[in-house]
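Per-entry structural report
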Amino acid sequence: MPSDSIFRDGLFAGRTIVVSGGGTGIGRAAARELAALGASVVLCSRSLDHLAPTRDEIVAAGGRADAEVCDIRDPDAVEAFFRAVVARHGRVDALVNNAGGQFLSPAEAITPKGWHAVVETNLTGTFNMARAAFAHGLKEHGGAIVNVVVEMWRGAPNMAHSGAARAGVVNLTKTLAIEWARYGVRVNAVAPGIIASSGLARYGPEVAPLLEAFTRDVPAQRMGTASEVAAAIIYLLSPAAGFISGETLRVDGGGSLYRLHGYEIPAHAPWPAFDAALDGGA
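Scoring rules and cut-offs
- Residues numbered from 1 in each chain as written.
- Predicted model: local features only at pLDDT ≥ 70, side-chain atom pairs only at ≥ 80, totals over all residues.
- Heavy atoms only, no water.
- Helix = DSSP H or I, 4+ residues; strand = E, 2+ residues; numbered from the N terminus.
- Expected span 1.5 Å × (residues − 1).
- Buried < 20%, exposed > 50% of the residue type's maximum accessible area, 1.4 Å probe, protein only.
- Contact = heavy atoms within 4.5 Å.
- Polar contact = N/O pair within 3.5 Å; in protein donor to acceptor, adjacent residues only side chain to side chain.
- Pairing = 2+ DSSP bridges.
- Axes fitted to C-alpha atoms, helices over the stretch in contact; angles between N-to-C directions.
- Phe/Tyr/Trp six-rings, centres within 6.5 Å; stacked < 30°, edge-to-face > 60°.
- Lys NZ or Arg CZ within 6 Å of the ring centre and 35° of its normal.
- Core = buried A, V, L, I, M, F, W, Y, C linked by side-chain atoms within 4.5 Å.

**Some remarks on helix H2 (residues 48–60)**
The end-to-end C-alpha separation of H2 is 18 Å, in line with the 18 Å expected for 13 residues at 1.5 Å each. For H2, the full list of buried residues reads Leu-51, Ala-52, Thr-54 and Ile-58. Of the surrounding elements, those touching the buried residues of H2 are helix H1 (25–36), strand S2 (40–45) and strand S3 (64–69). One side-chain oxygen at the N-terminal end of H2 lies 3.3 Å from the backbone nitrogen of Asp-49; it belongs to Ser-47. Remark: Gly-62 follows H2 within two positions and exhibits a positive phi of approximately 100°.

Here is the structure:
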């Protein structure tokens, strides 16, 4: 499979790498480049329709790719998926935990069902996949896991469910990096900022003005690309990152160091102040 990658040809030759949510956006970009670098990629998602075009594209270009349906929220389905991967490919060498999803909503409008759906996908699903990858190969021969989160270091207004889940994944990344170090397993994460990818389409045209405002709040003065996030993922999977574990690499054009993207706190009355001299102590 021809490659325009910045990484050397054959970097992942002989490796089997699972990419969840690998049919679109960042997952697609990572899967395509991993295949171009010699990996056998196994894509998974709840819908084969989302995966088939990317799988077919990789195979048509001379790469190796499979696509399997897997609901990452269901631990039994995840176990069955990894058993099938090992049966077909002989081993699992790495995992890109990219599948996830959320919707825009102020916190007070998120229903318990909506909260549960997002947390189950973004946090529990990530854990299910990591645990199964560890049990079905990484524990035996080592490897690498990269979890994909989001830029949420200053909170996640209008995405409280996703921000909470992704923060949990960042902590999980650190915990697994410590617990699984003795098995030669490195666990890291990438935190994309505003990325121009197919994932933005799900929010509808009404979000376009917000995205323009977000871009103005990025020091790079543009959105990132799926290829830039994929490059960060591939670096963390590669031998060049052999002494890196438990870290979250921000791929956000410096956005997390600047203003909170497009969010303004509405005008309101100042909070009451405390003055010990007037209030008689706390």
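Right, picking up where we left off after that structure.
**Things to note about the sheet that holds strand S1 (residues 16–20)**
If you trace the 7 strands from one edge of the open sheet to the other, you get S3-S2-S1-S4-S5-S6-S9, paired in parallel fashion. Edge positions in the open sheet fall to S3 and strand S9 (248–251), since each of these has one partner strand only. Across the sheet, the mean angle separating the axes of adjacent strands is 20° when strand polarity is ignored. Of the strand pairs in this sheet, S1 and strand S4 (residues 94–97) are connected by 3 bridges, and their pairing is parallel.

**Let's talk about the packing of aromatic side chains**
All told, the structure shown has 3 aromatic pairs when counted by the stated rule. Each ring, one from Phe-81 and one from Phe-82, has its centre 5.1 Å from the other, and the planes form 80°; the classification is edge-to-face. With respect to class, Phe-81 is no different from Phe-82; both count as buried. When the centroid spacing of 5.1 Å and the interplanar angle of 75° are considered together, the rings of Phe-134 and Tyr-183 count as edge-to-face. Of the two residues, Phe-134 is situated in helix H4 (residues 112–141) and Tyr-183 in the loop between helix H5 (160–179) and strand S6 (185–192); the sequence distance between them amounts to 49 residues. Members of the aromatic cluster, joined through ring pairs, are Phe-134, Trp-180 and Tyr-183. Its end group placed over the ring of Trp-153, Arg-250 keeps NZ or CZ at 4.2 Å from the ring centre.

**Looking at the nonpolar core**
Phe-12, Leu-34, Ile-233 and Leu-237 are the most contacted members of the largest nonpolar core, which has 36 residues in total. Looking at this core, the elements that each hand over two or more residues are S1, H1, S2, H2, S3, S4, strand S5 (143–148) and helix H7 (226–237). Residue contributions to this core peak at 8 residues, all from H7. Counting residues in each nonpolar core, the second largest holds 25 residues, with Ile-72, Leu-95, Leu-138 and Val-187 among its members.

**Structural notes on H1**
Helix length check: H1 (12 residues) gives 17 Å between terminal C-alpha atoms against 16 Å at 1.5 Å per residue, within 8%. Most of H1 is tucked away: 10 of the 12 residues are buried. Listed in full, the buried residues belonging to H1 are Gly-25, Ile-26, Gly-27, Ala-29, Ala-30, Ala-31, Glu-33, Leu-34, Ala-35 and Ala-36. Count one or two residues on from H1 and you reach Gly-38, which has phi positive near 105°.

The quantities given are spatial measurements derived from coordinates; they are silent on function.
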